[in-house]
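Spelled out, the chains give:
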Amino acid sequence: WKFESVVLSFLPDIVCDIRDFWMFEYQERSPFRPFFHWVIMPTVDASPQNEQWLSTFSNAEAVFTYSDWGAEVLNNESNGTINCLGSAPPSADEAYKPIEDKKKHKSEMGFDPDSQIIGTVMRNQKRKLFIELMKAFKTFLDNAPKEIADKTFLYLHTSYPEKIGWNIENGIIENGIASKVICTYICRSCGH
């Protein structure tokens, strides 16, 4: 409801939105749409993409993605009708650069330097399928050679507790992987 009044107030030449589809799709229908260039950066984390999303993305003057893979998905699935200018990943920060000496880093964190850590960083939402990930990890542990399974861990970083998400501790216990899961989270109470 606020978007139209903001557009009338600021008279922008460009509206740029970096969010999920449902958070910006209304902008396409704005009566003021002919008066601004629309640049979007949607989350493209699956294939195939919803047809409605592809149609909306095709009506933006420019589209960026978080990954080269996402750009490829949009280009292929839209048959080139989306003006996808490529990826603009938010990983320029030093915190996102690969660790130079992973074995040393693992040792400093208290892990066997030869351990394998399979990880994910995502919000604890129902659509993220944490429980399915745990089931798949348990299947891997049950079928991998013992020397590999013994040194492999599942790393989960999320926001917790989350009102709309999964009960992560129950998933860990039900799948019998408590000794194989490493968890870090952003505390809802203190934000750390």
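Below, the structure is looked at part by part. (Residues numbered from 1 in each chain as written. Predicted model: local features only at pLDDT ≥ 70, side-chain atom pairs only at ≥ 80, totals over all residues. Heavy atoms only, no water.)

A closer look at the packing of aromatic side chains
We count it as follows: Between 30 and 60 degrees the pair is tilted, below 30 it is stacked and above 60 it is edge-to-face, where a pair is any two Phe, Tyr or Trp rings, Trp via its six-membered ring, whose centres lie within 6.5 Å. Helix and strand assignments come from DSSP, with helices taken as H or I runs of at least 4 residues and strands as E runs of at least 2, each series counted from the N terminus. Here's how the labels work: a residue is buried when its accessible area is under 20% of the maximum for its type, exposed when over 50%, partly exposed in between, all with a 1.4 Å probe on protein chains only.
Applying the stated criterion to the full structure yields 10 aromatic pairs. Considering the side-chain rings of Phe 21 and Phe 57, the 6.3 Å spacing of their centres and the 70 degrees angle between planes classify their relative orientation as edge-to-face. In this pair, Phe 21 is assigned in helix 2 (residues 21-24) and Phe 57 in helix 3 (residues 51-58), connecting sequence segments 36 residues apart. Overall, the relative accessible area of 8% leaves Phe 21 in the buried class. Residue class for Phe 57 comes out buried when judged on its relative accessible area of 0%. Between Phe 111 and Phe 153 the ring centres are 5.7 Å apart and the planes differ by 65 degrees, which places this aromatic pair in the edge-to-face class. With Phe 111 in the loop between helix 5 (102-108) and strand 5 (116-121) and Phe 153 in strand 6 (residues 152-160), the pair connects residues that are 42 residues apart, well separated along the chain.

Thoughts on the sheet that holds strand 2 (residues 37-40)
Cut-off, in case you're wondering: Pairing between strands is defined by DSSP: at least two bridges between the two strands are required. Axis angles are defined between N-to-C directions and span 0 to 180 degrees, where every axis is a line fitted to C-alpha atoms and, for a helix, only to the segment in contact.
Taken in spatial order, the four strands line up as 1-2-3-4 in an open sheet, and their pairing is parallel. Both edges of this open sheet fall to strand 1 (14-17) and strand 4 (84-87), since each of them pairs with a single strand only. Direction aside, neighbouring strands of the sheet carry axes that sit 15 degrees apart on average. Across four bridges, strand 1 lies against strand 2 in parallel orientation. Pairing of Ile 14 across the sheet is with His 37, part of strand 2.

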